[in-house]
Amino acid sequence: PHILIRYYTVKDARAARRSTVVGIATIGFFYVLTLFIGLAALTSGARPIDSSLSNQAAPLLARTFGELPFAIISAIAFTTVLGTVSGLIMAASGAIVHDLMVNVCKMPLDDAAKVAWGKRISIGVGAVAMVLGILFKDLNASFLVGWAFNIAASANLPALVMLLFWRGTTKQGITWAIFVGLFSSLAWVLLSKEAFQNVYHFSASDAAVQAVVPWSQPGIIT
């Protein structure tokens, strides 16, 4: 959503390309820094080696500098979650209304109807997200983020890169890139040991035997 949301405010294709490059570079730099944040939290005594606290490395590291940095980083983390969720909902509703309903299904919608449908779809997407959040509440949040990133890296990123930087890109190519990346990465994730153990509730030993693929993060392949 951090990249897709930029396309609502750019004035032309050149600005979209530049905005995409800046966005990817900035986000990539941030996620490299998370490695150092986790390492610092682990080695500075900010938290015990406890898997239940693995999603709180940044706030607990900030707490070693005082209560004020802890409060600031905690507030930023909370607002980041809300911002990401709202961006996802906007991107999803916009894609469904504009891309699927209007361009694929050829539904004759004016601007008012698009907005109305967008609101309804936003409510539906939010409801589905809440249900899935309840069903997967016992899974590690950072692990689920890794799954989402693998699907996005397999389905969204190749399509975006080709669309912005390769003149030979066609609508059929974009469509196949999204479908192949989506279904291959999703199938890989659901056939991994972690899925058998945490989603299908096999025991650790049975999950290791039943798993079809050797590891759970398939982005480099799919």
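Since this is a predicted model, take the numbers as computed values, not measurements. The written sequence of each chain sets the order in which its residues are numbered from 1. Since the coordinates come from a predicted model, pLDDT governs what is reported: local features require at least 70, and pairs of side-chain atoms require 80 or more to be given and counted, while whole-chain, interface and lining totals use all residues. Excluded from the side-chain calculations are hydrogens and water; all other atoms, namely the structure's heavy atoms, are used.

### Things to note about the overall build of the chain
Strands here mean DSSP runs of E at least two residues long; helices mean DSSP runs of H or I at least four residues long; both are numbered from the N terminus. Within the chain one finds eight helices and zero strands. Each helix and strand of the chain, ordered N terminal to C terminal, gives the series α-α-α-α-α-α-α-α. Split into buried and exposed, the 222 residues of the chain put 23% on the buried side. Any two residues whose heavy atoms approach within 4.5 Å at even a single point are treated as in contact. Look at the contacts in the chain between residues 6 or more apart in sequence, and 50% of them connect residues 24 or more apart. Put simply, the chain shows about 14,800 Å² of open surface, and 72% of that area lies on carbon and sulfur atoms. Relative accessibility decides the category of a residue: with a 1.4 Å probe and only protein chains considered, values under 20% of the type maximum give buried, values over 50% give exposed, and everything between is partly exposed. Here, Shrake-Rupley sampling with a 1.4 Å probe gives the accessible areas, and only protein chains in the shown set may cover a residue.

### What about the side chain of Ser185?
As for its position among the elements, Ser185 is in helix H6 (residues 171-190). Apart from residues lying up to four places away in sequence, Ser185 is in contact with Asn150, Ile151, Ser154, Pro218 and Thr222.

### Description of the pattern of salt bridges
Definition used for salt bridges: Asp or Glu carboxyl oxygen within 4 Å of a side-chain nitrogen of Lys or Arg. Scanning all chains against the criterion turns up one salt bridge. In this structure, Arg63 engages Glu67 in a salt bridge whose closest nitrogen and oxygen atoms are separated by 3.6 Å. For Arg63, a relative accessible area of 43% puts it in the partly exposed group.

### What about a nonpolar patch on the surface?
Taken together, the side chains of Val21, Ile24, Leu157, Val161 and Phe165 make up a nonpolar region of the molecular surface, amounting to roughly 410 Å² of accessible area. When residues of the nonpolar patch are traced back to their parent elements, those giving at least two are helix H1 (13-43) and helix H5 (141-165). Of the residues forming the nonpolar patch, the biggest block, three residues, is contributed by H5. Here Phe165 shows up in helix H5. Surface patches are defined over residues having more than 30% relative accessible area and no salt bridge, joining like charges when they lie within 9 Å and nonpolar side chains (Val, Leu, Ile, Met, Phe, Trp, Tyr) when within 5 Å.

### Topic: the nonpolar core
Grouping buried Ala, Val, Leu, Ile, Met, Phe, Trp, Tyr and Cys residues that are joined through side-chain atoms within 4.5 Å yields what is termed a nonpolar core. Counting five residues, the largest nonpolar core is built from Val97, Met101, Val102, Leu109 and Ile121. Counting residues per element, this core draws most heavily on helix H3 (residues 67-104), which supplies three residues. Setting aside residues no more than four positions away along its own chain, Val102 makes contact with Val97, Met107, Leu109 and Lys114.

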